[in-house]
Amino acid sequence: AGSIEGEFVRYYPEIVPVLKTIIASCLAPELRRLRGKAFECITLCGMAVGREMFRKDAQEVMAAMMQSLTSEMDDDDPQKSLILESLPRCCVALEGEFIQYLPAIMPQLLLAL
């Protein structure tokens, strides 16, 4: 997605629903890395297509990331670092619209420091 950027728009409708399914269904401990990688991929897709196309999916993705970060997550949970790395990509993709997520995100970011 990042390599072909604007050209990725045509693939977005096929790929993102699969990634959202992985995020929603891969909740078992042994699938945490896969779920984290899905967060990583979907935010890369969001950066490639931009705010207008990513906006609707971003709401679901941000909700899932925040739910995960506010749950009892082990320090060594691979999702945690992948989510924290995905947040800046959401910010880039959403531009000024990202500000609505800051009140929920900032406490988690400060805890990660």
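Preceding block: the structure.
So, here is what we can say about the structure in this document. (Residues numbered from 1 in each chain as written. Predicted model: local features only at pLDDT ≥ 70, side-chain atom pairs only at ≥ 80, totals over all residues. Heavy atoms only, no water.)

With that out of the way, let us pick up unusual backbone geometry. Despite not being glycine, Glu95 has its phi angle at roughly 55°, a positive value. Along the chain, the position of Glu95 falls in the loop between helix H4 (78-94) and helix H5 (102-112). Residue Glu95 is classed as partly exposed on the basis of its relative accessible area of 46%. (Helix = DSSP H or I, 4+ residues; strand = E, 2+ residues; numbered from the N terminus. Buried < 20%, exposed > 50% of the residue type's maximum accessible area, 1.4 Å probe, protein only.)

Moving on: the packing of aromatic side chains. Per the stated rule, a full pass over the model turns up 2 aromatic pairs. For the ring pair Phe98 and Tyr101, a centre distance of 6.0 Å and an interplane angle of 55° mean the geometry is tilted. Both residues of the pair, Phe98 and Tyr101, belong to the buried class. (Phe/Tyr/Trp six-rings, centres within 6.5 Å; stacked < 30°, edge-to-face > 60°.)

On to the nonpolar core. Ranked by size, the top nonpolar core spans 28 residues in total, and within it Phe54, Met62 and Met65 carry the most contacts. Going through the elements one at a time, helix H1 (12-25), helix H2 (32-49), helix H3 (51-70) and H4 are the ones with two or more residues in this core. The dominant element in this core, judged by the number of residues it contributes, is H3, at 8 residues. Setting aside residues up to four positions removed in sequence, Met65 forms contacts with Phe39, Thr43, Ile83, Ser86, Leu87 and Cys90. (Core = buried A, V, L, I, M, F, W, Y, C linked by side-chain atoms within 4.5 Å. Contact = heavy atoms within 4.5 Å.)

Oppositely charged side chains are able to pair whenever their charged atoms sit close together. Counted according to the given criterion, the structure contains 10 salt bridges. Among the salt bridges present, the one from Arg32 reaches Asp77, with a minimum N-O distance of 3.5 Å. On the criterion of sequence distance, the pair formed by Arg32 in helix H2 and Asp77 in the loop between H3 and H4 is long-range, its members being 45 residues apart. Residue classification places Arg32 among the partly exposed positions, given a relative accessible area of 23%. Among the salt bridges present, the one from Glu52 reaches Arg55, with a minimum N-O distance of 3.1 Å. Of this pair, Glu52 and Arg55 both sit in helix H3, 3 residues apart, which is roughly one turn of that helix. (Salt bridge = Lys/Arg side-chain N within 4 Å of Asp/Glu carboxyl O.)

As a further point, take the packing of H1 against H3. Interhelical geometry of H1 versus H3 gives an angle of 10° and a closest axis separation of 11 Å. One finds that H1 runs roughly parallel with respect to H3. Residues Tyr12, Val16, Lys20 and Ile23 of H1 pack against Met53, Phe54, Asp57, Glu60 and Ala64 of H3. Looking at the contact of H1 with H3 residue by residue, the classes come out as 6 nonpolar, no polar and 3 charged. (Axes fitted to C-alpha atoms, helices over the stretch in contact; angles between N-to-C directions. Parallel < 35°, antiparallel > 145°, perpendicular 65-115°, else oblique. Nonpolar A, V, L, I, M, F, W, Y, C, P; charged D, E, K, R; others polar.)

The topology assignment puts Glu40 in helix H2. Setting aside anything within four residues of it in sequence, one finds Glu40 in contact with Leu82, Ser86 and Arg89.

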